[in-house]
Amino acid sequence: EAVVPFFGEHQAGITTPAQDRLHMAAFDVTTEDRKELIKLLKDWTAAAESMTTGQPTGRTGAVDGPYDAPPEDTGEALDLAAAKLTLTFGFGVGLFEKDGKARFGLEGRRPEALIDLPHFPGDDLQPGRTGGDIVIQACADDPQVAVHAIRNLARIGFGKVRVRWSQLGFGRTSSTSRAQVTPRNLFGFKDGTNNLKVEDNALLDEHVWVSSGPAGEQWMTGGSYLVARRIQMHIEIWDRTSLREQEGLIGRTKGVGAPLSGGDEFSTPDFAMAGRNGDPLIPMDAHVRLAHPDQNNGVRMLRRGYNFTDGSDGLGHLDAGLFFIAFVKDPRTHYVPMQLTLAKSDTLSVEYLKHTGSGLFAVPPGVQAGGFIGEGLF
Ligand code: HEM
């Protein structure tokens, strides 16, 4: 089945099985006209519905329009299937306010959880890879389908939005369903073993979906918050690190992904178990110890990231890493504290990673037929 339904209670692209490819783009909204913004969201909804079913955008598509006008669809996905395309939309702080002034009549509508993320130790964020008023995550099993989707949405938004940053990703770095095998990140380790999965209904309600909030925030009920972090990995240094050291930094074996306390990939880690020398088998600074719910007030997140390589860093190394994407109920409780811990104490983060881009977006609930993305906000 190559089609993932666009309409539903929640937006697709969160708990739906993670596809192989990503194209994410963040846009700055350049119009200040509320009507134009609403029209754009309606046009985007119609185009998203078409493209996720494998159809071109517009009434006349790529080749059936007037001969003397530019086609409504750009055409590069004409012979391709839907490839499980999902399009997930989110709103950044900048949609609600600019220079301290409300935009689009949205006074008092910015959700409290849509905070300005703090600066984390070691952050090296580039303005051209950070922020944005609206984000669109396109995931598909075919990269051309994902790129076509973002390109056509950008085209529809011409004159109203401007691409602020865009990121391609390959090789999903997490599973969101127990039916999927766990893929590997560019450090060569399985990533997504202890992720929240679509089968974990109660946990998703507790950790991912926004429940009914204060007045003025009802439009977010059934939505989520998307945290995006472009994390550059120092793979050249990693590749000169011993296997023992690598496994210690993660806290799992590289082969099967088992916790260093023993068992197989899905065994529960035993953080207290010590080796013959008295040291814990899972080191105190291991990534999986510091990121484990036991160390983080019980919080969990749904990770849905992708690997990336974007050419050279200009110093003779690949600019490669992990485009971290997580969906959480509230970034104040479910992201910021964990990121602070990792940025300070996780040797993996401190010595091998550099965050070069960042974004936080309020992802409204799913759209019903006849409605449009973010409708409840207007
Ligand atoms: C687990 C790698 C960044 C949160 C893991 C695992 C690996 C890994 C190999 C073990 C397998 C698994 O359960 O998925 C990486 C790499 C990163 C990165 C290479 C950056 C390039 C982050 C960040 C966060 C995070 C930024 C959150 C702020 C987690 C969590 C787990 C985890 C919550 C599951 C821990 C557990 O419950 O066992 N990561 N990670 N990771 N990571 Fe990361």
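Here we summarise the structure given alongside this text. Quick caveat, the model's predicted, so the values are computed rather than measured.

Calculation criteria
Residues numbered from 1 in each chain as written. Predicted model: local features only at pLDDT ≥ 70, side-chain atom pairs only at ≥ 80, totals over all residues. Heavy atoms only, no water. Helix = DSSP H or I, 4+ residues; strand = E, 2+ residues; numbered from the N terminus. Buried < 20%, exposed > 50% of the residue type's maximum accessible area, 1.4 Å probe, protein only. Contact = heavy atoms within 4.5 Å. Near = heavy atom within 4 Å. Polar contact = N/O pair within 3.5 Å; in protein donor to acceptor, adjacent residues only side chain to side chain. Nonpolar A, V, L, I, M, F, W, Y, C, P; charged D, E, K, R; others polar. Axes fitted to C-alpha atoms, helices over the stretch in contact; angles between N-to-C directions. Parallel < 35°, antiparallel > 145°, perpendicular 65-115°, else oblique. Left-handed = near helix turned anticlockwise from the far one by under 90°.

Regarding the side chain of Thr-182
For step 1, the next point in the chain: Secondary-structure assignment places Thr-182 in the loop between β6 (161-172) and α4 (201-207).
For step 2, the next point in the chain: Owing to a relative accessible area of 11%, Thr-182 belongs among the buried residues under this scheme.
For step 3, the next point in the chain: With sequence-adjacent residues up to four places away left out, Thr-182 is seen in contact with Ser-175, Lys-190, Asp-191, Gly-192, Thr-193, Glu-265 and Phe-266.

A closer look at the site of the ligand
For step 1, the next point in the chain: Taken together, 25 residues sit near the ligand, with Gly-192, Thr-193, Asn-194, His-287 and Arg-303 positioned nearest.
For step 2, the next point in the chain: In this structure, Thr-193 approaches the ligand through a main-chain N or O atom, which is 3.2 Å from an oxygen atom.
For step 3, the next point in the chain: At 2.9 Å, a side-chain N or O of His-287 approaches a nitrogen atom of the ligand.
For step 4, the next point in the chain: Contributions of two or more residues to the shell around the ligand are made by β7 (224-233), α7 (287-290), β10 (318-328) and α9 (336-345).
For step 5, the next point in the chain: The class makeup of the residues in the shell around the ligand is 14 nonpolar, seven polar and four charged.

Examining the packing of helix α1 (residues 34-52) against helix α3 (residues 143-156)
For step 1, the next point in the chain: Axis separation between α1 and α3 bottoms out at 10 Å; the angle between their running directions is 155 degrees. Taken together, the axis directions place α1 and α3 in an arrangement best described as roughly antiparallel. You can see that α1 and α3 cross each other, and the crossing is right-handed. Packed against α1, whose contacting residues are Leu-40, Asp-43, Trp-44, Ala-47 and Met-51, the element α3 presents His-148, Ala-149, Asn-152, Leu-153 and Ile-156 at the interface.
For step 2, the next point in the chain: Among the residues making up the contact of α1 with α3, the classes are represented as seven nonpolar, two polar and one charged.

No statement about biological role is implied by the geometric values presented.
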